[in-house]
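Read off the chains here:
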Amino acid sequence: MGSPDENTPLDERLRDLEEAAFEEFVALTRASLWRLALGMMGEKMHAEDVLQDCYIRAYDCLMDRRWDGKHPHAWMRTVVTRESLRQLKRRRRWQRIRAHLHRERPPPRAPEPNAIPASMRAHLDVLPPMQRVAILLFSLEGASTQDIARTLGKSQGAIEQLLVRARRTLRQRLDS
Amino acid sequence: MTHDTSPDPQVNALLAELGAHLDEATPPSTLELSTRALNTARHTVLIWPLIAASGLGAASITALFMHLRSLEEMLILHAL
């Protein structure tokens, strides 16, 4: 790692692997990424796991020169979105396996402090992972359908369809 | 912040409420995140000599780490 220079832009200091730059990068992006990860995952513990994995990945990518430190917010938002999506799909598979094994509902867990209320999570949990990610990025993060398409590697039309379906799913949930 | 143009006010209200909850949630501190990362690294350091002693090649070990979670799931699915 090189010597810190506060006058050099963050992306250049990240690229040059300055120790202080990574700390600054985490401090700058932590709050917005936390909001995104918590919205995606619904639970504090899972959101922390996602965030931790993504920062470790960012550090590895800088070290291996797979990322040059450019556009740190946008880059990390893509990483957090994709990792959340991966973990949501994984959680769905586990839920199906558990349901198959136990054939009964697991006992309710004590609510975690600082998490989204259970009633709100129940609404989110009816959304399939792709619909959930799309509507959260669009409605809460202010991302355009073009941005979301780029992040998820889909066409803009596919994202618009996902948003329509997500709203319909939430509507049906609210009516039930 | 919400810029959803859905004409359904109830869905919009639900998303706005979610946004408010997310705004209120305090993010983990940099120290907490660093500690978690350090713990992961420590586990890797502890596990590494055991795997190295198993005689697996470097490529196999890397692949094992990369797909450990998926492997867990595959094994359970096979067992079903």
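Everything here concerns the structure above.
Residues numbered from 1 in each chain as written. Chains lettered and ligands numbered in written order. Predicted model: local features only at pLDDT ≥ 70, side-chain atom pairs only at ≥ 80, totals over all residues. Heavy atoms only, no water.

Q: A description of the pattern of salt bridges should follow, citing residues and the corresponding values.
A: Residue and element names in this part refer to chain A. Tallied over the entire structure, the rule returns 14 salt bridges over all chains. Across the pair Arg35 and Glu141 runs a salt bridge whose closest N-O atoms are separated by 3.2 Å. With Arg35 in helix 2 (residues 19-41) and Glu141 in the loop between helix 6 (129-140) and helix 7 (145-152), this residue pair connects regions lying 106 residues apart in the sequence. Side by side, Arg35 and Glu141 carry an identical accessibility label, which is buried. Between Asp68 and Lys70 there is a salt bridge, with its nearest N and O atoms 3.9 Å apart. Connected through shared salt-bridge partners, Arg13, Glu18 and Glu24 make up one network. (Salt bridge = Lys/Arg side-chain N within 4 Å of Asp/Glu carboxyl O. Helix = DSSP H or I, 4+ residues; strand = E, 2+ residues; numbered from the N terminus. Buried < 20%, exposed > 50% of the residue type's maximum accessible area, 1.4 Å probe, protein only.)

Q: I'd like a rundown of the packing of aromatic side chains, residues and numbers included.
A: Residues and elements named next belong to chain A. Counted by the stated rule, this structure contains 5 aromatic pairs over all chains. Residues Phe25 and Tyr55 carry aromatic rings whose centres are separated by 5.8 Å and whose planes lie at 85 degrees to one another, so their mutual orientation is edge-to-face. Placement of the pair is Phe25 in helix 2 and Tyr55 in helix 3 (residues 44-63), with a sequence separation of 30 residues. Take Phe25: its relative accessible area is 0%, and that puts it in the buried class. (Phe/Tyr/Trp six-rings, centres within 6.5 Å; stacked < 30°, edge-to-face > 60°.)

Q: Tell me about the packing of helix 6 of chain A against helix 8 (residues 156-175) of chain A, and please be specific about residues and values.
A: All names here are of chain A. At their nearest, the axes of helix 6 and helix 8 sit 9 Å apart, and the two run at 100 degrees to each other. Accordingly, the angle class assigned to the pair helix 6 and helix 8 is roughly perpendicular. The residues of helix 8 that touch helix 6, namely those facing Met130, Gln131, Ala134, Ile135 and Phe138, are Leu162, Leu163, Arg165, Ala166, Arg167, Thr169 and Leu170. When its residues are assigned to classes, the contact of helix 6 with helix 8 shows 8 nonpolar, 2 polar and 2 charged. (Axes fitted to C-alpha atoms, helices over the stretch in contact; angles between N-to-C directions. Parallel < 35°, antiparallel > 145°, perpendicular 65-115°, else oblique. Contact = heavy atoms within 4.5 Å. Nonpolar A, V, L, I, M, F, W, Y, C, P; charged D, E, K, R; others polar.)

Q: So what's going on with helix 1 (residues 9-24) of chain B? Which residues, and what values?
A: Compared with an ideal rise of 1.5 Å per residue, which puts 16 residues at 22 Å, helix 1 of chain B spans 22 Å between its outermost C-alpha atoms and is within 8% of the ideal. Where helix 1 of chain B is concerned, the buried positions are B:Val11, B:Leu14, B:Leu15, B:Leu18, B:Gly19 and B:Leu22. One side of helix 1 of chain B carries all its buried residues, which in axial view fall inside an arc of 140 degrees. Pointing more than 90 degrees away from the buried face of helix 1 of chain B are the exposed residues B:Pro9, B:Asp23 and B:Glu24. On its buried face, helix 1 of chain B sits against helix 2, helix 5 (118-125), helix 6 and helix 8 of chain A. (Expected span 1.5 Å × (residues − 1). Arc of directions from axis to C-beta.)

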